[in-house]
Amino acid sequence: AAEAHPAEGTDWDGSRRGFAELPEFDEDKAAFVAGLARARTRLATAYLAYGRLLRPVPPTNVASREFDFRGHIHTAPRLDISGSWDVPQIVHGAWQSPEGNVGLVYVNLAREATTTTLQGNLRNLWPCDPASWKVRVTDKRASRDAGSVSSEGDLSLELALPGREVVLVELCREDHLEDVG
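This write-up is about the structure you can find in this document.

What counts and how
- Residues numbered from 1 in each chain as written.
- Predicted model: local features only at pLDDT ≥ 70, side-chain atom pairs only at ≥ 80, totals over all residues.
- Heavy atoms only, no water.
- Helix = DSSP H or I, 4+ residues; strand = E, 2+ residues; numbered from the N terminus.
- Buried < 20%, exposed > 50% of the residue type's maximum accessible area, 1.4 Å probe, protein only.
- Contact = heavy atoms within 4.5 Å.
- Salt bridge = Lys/Arg side-chain N within 4 Å of Asp/Glu carboxyl O.
- Phe/Tyr/Trp six-rings, centres within 6.5 Å; stacked < 30°, edge-to-face > 60°.
- Lys NZ or Arg CZ within 6 Å of the ring centre and 35° of its normal.
- Core = buried A, V, L, I, M, F, W, Y, C linked by side-chain atoms within 4.5 Å.
- Polar contact = N/O pair within 3.5 Å; in protein donor to acceptor, adjacent residues only side chain to side chain.
- 1 Å grid on protein atoms, 1.4 Å probe; cavity = no way out; pocket = protein on both sides within 12 Å on 5 of 7 lines; lining within 4 Å.
- Points joined across faces, edges and corners; volume = space filled by probe spheres on them.
- Nonpolar A, V, L, I, M, F, W, Y, C, P; charged D, E, K, R; others polar.

Quick look at the overall build of the chain
Each helix and strand in the chain was counted, giving two helices and 12 strands. The order of helices and strands in the chain, counted from the N terminus, is β-β-α-α-β-β-β-β-β-β-β-β-β-β. Counting the 181 residues in the chain, one finds 34% classified as buried. Contacts in the chain between residues at least 24 apart in sequence constitute 62% of all its contacts with a sequence separation of at least 6.

Set out below in structure tokens:
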């Protein structure tokens, strides 16, 4: 077997792959990925780790962003792929914790902050009835009360999203407020 040079490795098909082809390390992207991991292990564990997936509450007026990608598929011969995708600037999801609370997770993929609105009747989305539940917004800096869902089940919330950060919107029954945050 040929000896590997420190600046290259062996691919799945036995071919050599140079590490000089890798993009430069991006501190901002690394911090963003670390923030996603913190959301899973600290900020929104009850939802992301133990929760049940629900239909999301889509944000309004979401711009698209172009993201470049580059990779390869391990086939013989190897298939190198690259290009760009238009993706929504805000990605989101919804989960219900084992205690019954609902967590809405929003991530702004852009470096710049943005504002969006969450609006809709939640009774039409979920099997639970979140009418009159309290709303709390939490990011890595602070947690704040943001009113409540109407008695008809309507949510209307203007949401500020910092760039490349996770924001959690929690909907909780009054008796579960101490379990959250």
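Now that the structure has been shown, the text picks up again.
Remarks on the pattern of salt bridges
The final tally for this structure, using the stated rule, is seven salt bridges. With a closest N to O distance of 2.8 Å, arginine 111 and aspartate 28 form a salt bridge. You can see arginine 111 sitting in the loop between strand E7 (102-108) and strand E8 (114-121) and its partner aspartate 28 sitting in helix H1 (residues 27-43), a full 83 residues away along the chain. Overall, the relative accessible area of 44% leaves aspartate 28 in the partly exposed class.

Here's the deal with the packing of aromatic side chains
Across all of its chains, the model carries zero aromatic pairs by this definition. Across the ring face of phenylalanine 32, the terminal group of arginine 164 is positioned such that the distance to the ring centre comes to 5.9 Å.

Quick look at the nonpolar core
Among the nonpolar cores identified, the biggest contains 22 residues, and Leu104, Tyr106, Leu118, Trp126, Val169 and Leu171 are the most heavily contacted of them. The set of elements that each furnish at least two residues to this core consists of strand E6 (90-96), E7, strand E9 (134-138), strand E11 (154-161) and strand E12 (166-172). Per-element accounting of this core gives the leading share, four residues, to E11. Once residues lying within four places of it in the same chain are set aside, the contact partners of leucine 171 are Asn101, Val102, Leu104, Leu122, Trp126, Trp133, Lys134, Val135 and Val149.

A few points about the environment of arginine 52
Looking at the secondary structure, you find arginine 52 in strand E3 (residues 52-54). Take arginine 52: its relative accessible area is 46%, and that puts it in the partly exposed class. Separated by 45 residues in sequence, arginine 52 and serine 97 have C-alpha atoms that sit 6.6 Å apart. At a separation of 2.7 Å, a polar atom in the side chain of arginine 52 contacts the side chain of glutamine 96.

Overview of the layout of surface pockets
Here the second largest pocket defines a volume of roughly 320 Å³. Lining the second largest pocket are 14 residues, and of these Gly35, Arg38, Lys140, Arg164 and Glu165 lie nearest its centre. The dominant element in the lining of the second largest pocket, judged by the number of residues it contributes, is H1, at nine residues. Tallied by class, residues from the lining of the second largest pocket come to six nonpolar, one polar and seven charged.

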